[in-house]
Amino acid sequence: MQLELPHLTGPLSATLLVGSDDDLPVLESAYIGSEFADLIELDIFNVLLVTNIDSPEVLRVCGEADVVAILYTNGQKPKGSELKKATEMGITVLATSLSMKSIPAMLKAEFPDLTLKDAT
């Protein structure tokens, strides 16, 4: 599914931190959680990583898995250096004040063809 701005600003209440409205990624799957070892082991592609962890570890994992976008939840926002690295890696970065637990149902409603792995 093509990620589109109305999906983000509507139900997900997300703000685009890295990337552009005109060049949002295509998503095939979403991984919701903070157990990054599990994400690396999964055989999923074009992943939206949904996490409430603000850590450089998030971007390291993106380099090992096929993550094309990150949605930080619970009001978390990465630091400037992490935003710069995400830009260099070509990863779209979003942030929302919604809780990580509320996101799976919203993703199912907005992206019914998206493969979800809920590891919360």
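Residues numbered from 1 in each chain as written. Predicted model: local features only at pLDDT ≥ 70, side-chain atom pairs only at ≥ 80, totals over all residues. Heavy atoms only, no water.

> Got a minute to help me understand the sheet that holds strand β6 (residues 115-118) in this structure?
The strands making up a sheet associate through backbone hydrogen bonding, with each pair oriented either parallel or antiparallel. Sheet architecture is open: six strands sit in the order β1-β5-β4-β3-β2-β6, paired in mixed fashion. Two strands lie at the open edges of the sheet, namely β1 (15-18) and β6, each paired on one side alone. When strand polarity is set aside, the average angle formed by the axes of neighbouring strands in this sheet is 20 degrees. Relative to β6, strand β2 (residues 29-32) is paired through four bridges, and the arrangement is parallel. (Pairing = 2+ DSSP bridges. Helix = DSSP H or I, 4+ residues; strand = E, 2+ residues; numbered from the N terminus. Axes fitted to C-alpha atoms, helices over the stretch in contact; angles between N-to-C directions.)

> Looking at this structure, how should I read the packing of helix α3 (residues 56-64) against helix α4 (residues 80-89)?
Between two packed helices, both the angle of their axes relative to each other and the distance between the axes serve to describe the pair. Where α3 meets α4, the closest approach of the two axes is 10 Å, and the angle between their N-to-C directions is 10 degrees. The orientation of α3 relative to α4 falls into the category roughly parallel. Together, P56, L59, C62 and G63 of α3 and E82, K85, A86 and M89 of α4 make up the contact between the two elements. Class assignment for the residues of the contact of α3 with α4 results in five nonpolar, one polar and two charged. (Parallel < 35°, antiparallel > 145°, perpendicular 65-115°, else oblique. Contact = heavy atoms within 4.5 Å. Nonpolar A, V, L, I, M, F, W, Y, C, P; charged D, E, K, R; others polar.)

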